[in-house]
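Given next are the chains, with one letter for each unit.
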Amino acid sequence: MSEDSWAVAVDVQEATTPSIQCGFSKKVDRVRGPRTLRGDINGNILLEKKENGGGRKDEDKVDLAEQSLLNKLIRRSLVRNRNQVEVLQRDPTSPLYSVKTFEELRLKPELLRGVYNMGFNRPSRIQENALPMMLAQPPQNLIAQSQSGTGKTAAFSLAMLSHVNPANKWTQCLCIAPTYELALQIGQVIEQMGKFCPEVKLAYAIRGNRIERGKKLQEQIVIGTPGTVLDWCTKYKLIDPKKITMFVLDEADVMIATQGHRDQSIRIHRQLTNDCQMLLFSATFEDSVWRFAEQVVPDPNIIRLKREEETLDTIKQFYVLCKEKEDKFTALCNLYGSLTIAQAMIFCHTRKMAAWLCAHLIKEGHQVALLSGEMTVEQRASVIERFRNGKEKVLVTTNVCSRGIDVEQVSLVVNFDLPVDMDGNADNETYLHRIGRTGRFGRRGFAVNMVDSKHSMDIINQIEMHFNRRITKLDTSNLDEMEMLLS
Ligand SMILES: Nc1ncnc2c1ncn2[C@@H]1O[C@H](COP(=O)(O)OP(=O)(O)OP(=O)(O)O)[C@@H](O)[C@H]1O
């Protein structure tokens, strides 16, 4: 990309971002950030998810940054993962340290207090290896990949807080995140963890936070979005990049999916000295992320934690033959009436269908929650929270809205519309993702697929073959058979 084109990209992005006033170290709403913001304000390029027929008007789109924010808002604790961490050391002959307790890290007592105060008893799986590496002397560069919710943010927040010298009143740690809201989320972790380190200050380099040109920041940690951070380093000279000794790039996969951010990140990186410690985090690691990571992090140690495989082993799968949507609706009601279901999730292909179904279920007297793409991230988080707390027993959703949601008590998943890719073939990955929500942690679950055409029957056959698991026909008008099959 030429110099001009990235600048244009930044202008476009910033133009779509509303201006927010945010002072230094200003306390923002810890849970949700500013409430008035709409979900699409990040200026991100919306990535279209593969959907049937491609790009129908009321289909939802996946925005990676929104998704990531939603995951953060609804997460209550660490994501379980029993996989082994893979560590690739830059120097394979040097000893590999891992810690089982936070004490072993020899943190400043006030920082250790902050960690315990957050309710962390011991390092998470990725933290066991990442923390000693990030805190090692001489400093080491690190690329770390693990799925969302495994403790990356907490790890680098701790590293930054431990790294700074509070007596030095200039910026020493710089952290960039893909969007304003994600930057605030990280800032909140740092503020909470650094609660007992009052002399360590944090500033947000986000749009709308206007500082006098040429004034040097005294905050030791700056966290922000690439465009504003770049401006603060180069145009306004609020930060001396030569004095930055730790650079953190979070959510690299989301970053490179956002127009302009990749180039801005590289430009920030170029301003830093060779001695600056570089840390890069990502939830996924496709080739493009890897190429980017290599550009930003020279001579890295690499830590990877594979995602725990989803399985269909504990899930009984069925299909129901129907004619049209009214017929599917009747089948659904019969099914629901004859099962003792803790909670159910129902997937529709379009927003319109989800809204239709939701309205009909409510008419039938069901307590239903609807998750749909036109909602703000905050609204979605609150719907999921209510569902989790059992306020509604049924959640109707389009596929993209529900990625990453874990509700342990879901025992029934219904594909009101089957998952298909752009060519109209079975989308096996999405199927697994949807169905994998039930039958978790050894519990039993049911998945029911509505089949309303020869084409959807073909899809069921494709799914059966792909996973090599039987999908049994279910007659929802035959209560005895249903009871037997579903027992
Ligand atoms: N060692 C720990 N012990 C207990 N809880 C932890 C620990 N580390 C992090 N957590 C909590 O686990 C959740 C996920 O952590 P964190 O946000 O750091 O993960 P992440 O990998 O950065 O995910 P994301 O990128 O989606 O934020 C948070 O609620 C956090 O407070």
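All figures in this text were calculated on a predicted structure; none of them were measured in a lab.

A few words on the nonpolar core. Soluble globular proteins tend to bury their nonpolar side chains together. Core analysis: the largest hydrophobic core is formed by 84 residues, its most contacted members being M134, L142, L158, M160, M193 and I221. Sort the elements by how many residues they give to this core and helix α6 (residues 180-193) lands first, with eight residues. Mapped onto the domain boundaries, this core takes at least three residues apiece from domain 1 (65-305) and domain 2 (312-486). With sequence-adjacent residues up to four places away left out, M160 is seen in contact with C173, C175, I190, I221, M246 and V248.

With that settled, consider the packing of aromatic side chains. The final tally for this structure, using the stated rule, is five aromatic pairs. Ring geometry for F156 against F281: centres 5.0 Å apart, planes inclined by 40 degrees, an arrangement best described as tilted. In this pair, F156 sits in helix α5 (residues 152-163) while F281 sits in strand β7 (residues 277-282), placing the two residues 125 residues apart along the sequence. F281 carries the same exposure label as F156, and that label is buried. Ring centres of F285 and W290 lie 5.3 Å apart, and the angle between their planes is 65 degrees; this geometry places the pair in the edge-to-face category. In this structure F285 comes out as buried when scored by relative accessible area, which is 15%. In this structure, K328 packs its charged tip against the face of F416, placed 5.0 Å from the ring centre.

Before going further, it helps to examine the UniProt feature "domain: Helicase ATP-binding" (unreviewed entry) in the chain. When the UniProt feature table is mapped onto this chain, "domain: Helicase ATP-binding" (unreviewed entry) is found at residues 133-303. The span residues 133-303 shows a helical share of 39% and a strand share of 17%, and its end C-alpha atoms are spaced 10 Å apart.

Quick look at the pairing of strand β10 (residues 343-348) now. Note on strand geometry: in a regular strand, side chains alternate between the two faces of the sheet. Extensive coverage of β10 is indicated by the burial of six of its six residues. Residue alternation in β10 divides its side chains into two sets, Q343, M345 and F347 and A344, I346 and C348, and both sets are buried. As defined by bridge partners, β10 adjoins strand β13 (residues 410-415) across five bridges and the pair is classed as parallel. Residue pairing in the sheet places M345 in a bridge with V413 of β13. Where β10 and strand β12 (residues 394-398) come together, five bridges link them in parallel fashion. The residue of β12 that forms the bridge with A344 is V394.

Before going further, it helps to spend a moment on the packing of helix α7 (residues 226-235) against helix α9 (residues 261-271). Where α7 meets α9, the closest approach of the two axes is 9 Å, and the angle between their N-to-C directions is 30 degrees. Between α7 and α9, the angle is such that the two are roughly parallel. Seen from above, α7 lies across α9 with left-handed handedness. Listed contacts from α9 to P226, G227, V229, L230 and T234 of α7 are H261, Q264, S265, R267, I268 and Q271.

The next subject is the pattern of salt bridges. Taken as a whole, this structure holds 11 salt bridges when the rule is applied. In this structure, E251 and K72 form a salt bridge, with 3.7 Å as the shortest nitrogen-oxygen distance. Pair noted here: E251 is in the loop between β6 (246-249) and α8 (252-257) and K72 is in helix α2 (residues 64-74), with a separation of 179 residues, a long-range link. Ionic pairing is found between K306 and E86, a salt bridge with its closest N-O pair at 3.6 Å. With K306 in the loop between β8 (301-305) and β9 (315-321) and E86 in strand β1 (residues 85-88), this residue pair connects regions lying 220 residues apart in the sequence. Residue classification places E86 among the partly exposed residues on the basis of a relative accessible area of 40%. Overlapping salt bridges, with partners in common, bring together K328, D417 and D452 in one network.

Let us now look at the sheet that holds strand β4 (residues 202-205). Spatial strand order, β1-β8-β2-β7-β6-β3-β5-β4: eight strands in an open sheet with mixed pairing. Unpaired on one side and paired on the other, β1 and β4 mark the two borders of the sheet. For this sheet, the mean inter-axis angle between neighbouring strands, taken without regard to orientation, is 15 degrees. Of the pairings in the sheet, the one linking strand β3 (residues 173-176) to strand β5 (residues 221-224) comprises four bridges and is parallel in character.

Structurally, the chain comprises domain 1 (65-305) and domain 2 (312-486). Put simply, the middle of domain 1 and the middle of domain 2, counted by C-alpha atoms, are 38 Å apart.

The full set close to the ligand counts 18 residues, and K72, R122, S148, G149 and T153 are the nearest of them. One of the side-chain N or O atoms of K72 is found 2.6 Å from an oxygen atom in the ligand. R122 is positioned such that a nitrogen or oxygen atom in its backbone is 2.8 Å from a nitrogen atom of the ligand. When the ligand is considered free in solution it has 620 Å² of accessible area, and contact with the protein chains removes 85% of it. The greatest single-element share of the shell around the ligand, amounting to three residues, is contributed by α5. A breakdown of the residues in the shell around the ligand according to their chemical character gives five nonpolar, nine polar and four charged.

Turning to the packing of α9 against helix α10 (residues 287-296), a few remarks are in order. Between α9 and α10, the shortest axis-to-axis distance is 10 Å and the interhelical angle comes to 20 degrees. As far as their axial angle goes, α10 and α9 are roughly parallel. Remark: the crossing between α9 and α10 carries right-handed chirality. Contact residues: α9 offers R262, S265, I266 and H269, while α10 offers F292, Q295 and V296. For the contact of α9 with α10, the residue count by class is three nonpolar, three polar and one charged.

About the criteria used
- Residues numbered from 1 in each chain as written.
- Predicted model: local features only at pLDDT ≥ 70, side-chain atom pairs only at ≥ 80, totals over all residues.
- Heavy atoms only, no water.
- Core = buried A, V, L, I, M, F, W, Y, C linked by side-chain atoms within 4.5 Å.
- Buried < 20%, exposed > 50% of the residue type's maximum accessible area, 1.4 Å probe, protein only.
- Helix = DSSP H or I, 4+ residues; strand = E, 2+ residues; numbered from the N terminus.
- Domains from an automatic or database assignment.
- Contact = heavy atoms within 4.5 Å.
- Phe/Tyr/Trp six-rings, centres within 6.5 Å; stacked < 30°, edge-to-face > 60°.
- Lys NZ or Arg CZ within 6 Å of the ring centre and 35° of its normal.
- UniProt positions renumbered as here; feature names shortened; annotations may be inferred.
- Pairing = 2+ DSSP bridges.
- Axes fitted to C-alpha atoms, helices over the stretch in contact; angles between N-to-C directions.
- Parallel < 35°, antiparallel > 145°, perpendicular 65-115°, else oblique.
- Left-handed = near helix turned anticlockwise from the far one by under 90°.
- Salt bridge = Lys/Arg side-chain N within 4 Å of Asp/Glu carboxyl O.
- Near = heavy atom within 4 Å.
- Polar contact = N/O pair within 3.5 Å; in protein donor to acceptor, adjacent residues only side chain to side chain.
- Areas by Shrake-Rupley, 256 points an atom, 1.4 Å probe, with all protein chains shown as cover.
- Nonpolar A, V, L, I, M, F, W, Y, C, P; charged D, E, K, R; others polar.

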